[in-house]
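Descriptive structure summary
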Amino acid sequence: MSSSSSPASAPEIVCIGETMALITPTDAPLAEAAAASVGLAGAESNVAAGVAATGHRVAWASRVGADPLGDRVATELERRGVELWVARDDAAPTGVMFKDPGAESSTVYYYRRGSAASRMEPGFLTAAQLDGVRIVHTTGITPALSTSCREMVDQLFTDARSAGALVSFDVNDRRPLWSKEDAAATLARLADAADITFVGRDEAERIWGTVTPTEIRAFLPNCALLVVKDGDVGATAFDGDAEPVFVPAPVVEVVEPVGAGDAFASGFLAATLDGADLAARLSAGHAAAERVLTIAADLPPLVPLA
């Protein structure tokens, strides 16, 4: 695995954030399971893999433990065509997430406090490392991991712009990670400061009390390009002061919604790199989300090794 320095020529997009090992029981609820699958769970790496699948050059930046689960994360992302800008941590582990498909209440359990990724700090990626990168993408999960991660994201916004890159930010509120008050203030500040912001209409209502896409735009007036996703209704893009563009969502038989937001962002960002217009970018986001909504995983399955 490579260190967190960039290669001589830069990828088009760099995605930064934590990826955990994902453990999912395959024969029973978690409390009674005797068998489970091991996969990956990480919003930013989901976006990176989705962009890589379109043929664009993309890197994922983070920290993982010097452990087999860190190896697992790195190996799968490399097989998906994602470049690794990753530091190994001998003193902190790779985070783990358990799914409990048989539970009636909470279905996800995080074991990520004190993880290697939570130890990222300002300067983890510098303006010099980001030179030539077109888009830097992160989410609201990253600043929730620790104080140092929050400070790192603030510095990242500054350094990305110094390097000439656009800052892409997906609000991605994760309720178990921090208080509603802390989340609401930090996520609003970052979302309003980004060049491209993705937010779900429902999560905006939950944390900010904004009900409609127009209300969300009024709440986040400084973001250059705001994309409001409204589930099976569609998505609306607000580009500066121009009239908003709405594209309805395709009709999909949903198997599992987890990962669809990340897929949408990957499709939208890939189409942005292609120079597509706003409606085409929204359509590309919907198409990418549709592929994930119809499977019980965050990412399409890998082709088995020969």
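Basis of the calculations
- Along every chain, residues carry numbers that run from 1 in the direction the sequence is written.
- For this predicted model, a pLDDT threshold of at least 70 governs which residues receive local features, and a threshold of 80 or more governs which side-chain atom pairs are given and counted, while totals over whole chains, interfaces and linings are taken from all residues.
- Side-chain metrics in this entry use all non-hydrogen atoms of the structure; hydrogen atoms and water are not considered.
- Labels follow the DSSP assignment, with helices taken as runs of H or I lasting at least four residues and strands as runs of E lasting at least two, numbered in each case from the N terminus.
- Only protein chains enter the accessibility calculation, which uses a 1.4 Å probe. A residue is then buried if its area is under 20% of the maximum for its type, exposed if over 50%, and partly exposed in between.
- Contact criterion: two residues are considered in contact whenever any of their non-hydrogen atoms come within 4.5 Å of each other.
- Here, Shrake-Rupley sampling with a 1.4 Å probe gives the accessible areas, and only protein chains in the shown set may cover a residue.
- The set of buried Ala, Val, Leu, Ile, Met, Phe, Trp, Tyr and Cys residues whose side-chain atoms join them within 4.5 Å is what this entry labels a nonpolar core.
- By definition, two strands form a pair when at least two bridges between them are found by DSSP.
- Fitting a line to C-alpha atoms yields each axis, with helices limited to the stretch in contact; the angle taken between N-to-C directions then spans 0 to 180 degrees.
- Here roughly perpendicular refers to angles of 65 to 115 degrees, roughly parallel to angles under 35, roughly antiparallel to angles over 145, and oblique to all remaining angles.
- We call a crossing left-handed when the near helix sits turned anticlockwise from the far one by less than a right angle, and right-handed when that turn is clockwise.
- Note on residue categories: nonpolar means Ala, Val, Leu, Ile, Met, Phe, Trp, Tyr, Cys or Pro, charged means Asp, Glu, Lys or Arg, and polar means any other residue, Gly included.
- Stacked, edge-to-face and tilted labels apply to pairs of Phe, Tyr and Trp rings (six-membered ring for Trp) whose centres lie within 6.5 Å, assigned for plane angles under 30 degrees, over 60, and everything in between, in that order.
- As a per-residue measure, pLDDT tells how confident the predictor is, with possible values from 0 to 100.
- Definition used for salt bridges: Asp or Glu carboxyl oxygen within 4 Å of a side-chain nitrogen of Lys or Arg.

1. Points about the overall build of the chain
Scanning the chain from terminus to terminus reveals eight helices and 13 strands. Scored against the burial criterion, the 306 residues of the chain give a buried share of 53%. Long-range pairs, those at least 24 residues apart, make up 71% of the contacts in the chain with a sequence separation of at least 6. Accessible surface, the chain as shown: approximately 12900 Å² in total, 54% of it carbon and sulfur.

2. What to know about the nonpolar core
Counting residues in each nonpolar core, the largest one holds 47 residues, and the members touching the most others are Leu125, Leu130 and Trp208. If you list the elements that add at least two residues to this core, you get strand E1 (13-16), strand E4 (58-65), strand E5 (83-89), helix H3 (147-162), strand E9 (166-170), helix H4 (180-193), helix H5 (201-208) and strand E11 (225-230). For Leu130, the contacting residues outside a window of four places in its chain are Val14, Trp85, Leu125, Val136, Leu156, Asp159, Ala160 and Ala163. The next biggest cluster of nonpolar side chains, apart from the first, holds 34 residues, and it includes Leu40, Val64, Leu84 and Ala237.

3. Some details on the sheet that holds E9
With mixed pairing, nine strands are arranged side by side in an open sheet as E5-E4-E1-E8-E9-E10-E11-E12-E13. Pairing within the sheet leaves two strands with one partner each, and these edge strands are E5 and strand E13 (245-248). Averaged over all adjacent pairs, the angle separating strand axes in this sheet is 15°, with direction ignored. Of the strand pairs in this sheet, E1 and strand E8 (residues 135-139) are connected by three bridges, and their pairing is parallel. Residue pairing across strands places Ile13 opposite Ile135, the latter belonging to E8.

4. Things to note about the packing of helix H1 (residues 43-53) against helix H7 (residues 260-273)
Following both chains from N to C, one finds H1 and H7 inclined at 40°, their axes separated by 8 Å at the closest point. In terms of orientation, H1 lies oblique with respect to H7. Crossing angle aside, the handedness with which H1 passes H7 is right-handed. On the side of H1, the interface is formed by Ala43, Asn46, Val47, Gly50 and Val51, while H7 contributes Asp262, Ala265, Ser266 and Leu269. Across the contact of H1 with H7, the residue classes break down as five nonpolar, three polar and one charged.

5. Looking at the packing of aromatic side chains
The tally for this structure, following the rule as stated, stands at six aromatic pairs. A ring pair is formed by Phe98 and Tyr111, whose centres lie 5.4 Å apart and whose planes are at 80°; its orientation type is edge-to-face. Of this pair, Phe98 sits in strand E6 (residues 96-99) while Tyr111 sits in strand E7 (residues 108-111), placing them 13 residues apart in sequence. With a centroid separation of 6.1 Å and 70° between ring planes, the pair formed by Phe157 and Phe169 is classed as edge-to-face. Here Phe169 lies in strand E9 and Phe157 lies in helix H3, a separation of 12 residues in the sequence. Accessibility assignment for this pair places Phe157 and Phe169 in one class, buried. Grouping aromatic residues by their ring pairs yields a cluster made of Phe198, Phe264 and Phe268.

6. Some thoughts on the confidence of the model for the chain
With 89% of its residues at a pLDDT of at least 70, the chain reaches an overall mean of 90. Scored below 50 in pLDDT, residues 1-7 shows 25 contacts in the model against residues more than four places distant or in partner chains.

7. Let's talk about the packing of H4 against H5
In a pair of packed helices, the angle between the axes and the distance between the axes together describe the arrangement. One can describe the packing of H4 onto H5 by two numbers: an axis separation of 9 Å at closest approach and a directional angle of 125°. Classified by the angle between their axes, H4 and H5 sit oblique to one another. When H4 is examined against H5, the residues Lys180, Ala184, Leu187, Ala188 and Ala191 are found in contact with a partner set consisting of Arg206, Ile207 and Trp208.

8. Digging into the pattern of salt bridges
As enumerated under the stated definition, the model contains 15 salt bridges in all. A salt bridge links Glu12 to Arg134; its shortest N-O distance comes to 3.7 Å. Note that Glu12 is positioned in the segment before E1 and Arg134 in the loop between E7 and E8, a separation of 122 residues in sequence. The class for Arg134 is partly exposed, based on a relative accessible area of 39%. Linked by salt bridges that have partners in common, Arg63, Asp89 and Arg119 make up one network.

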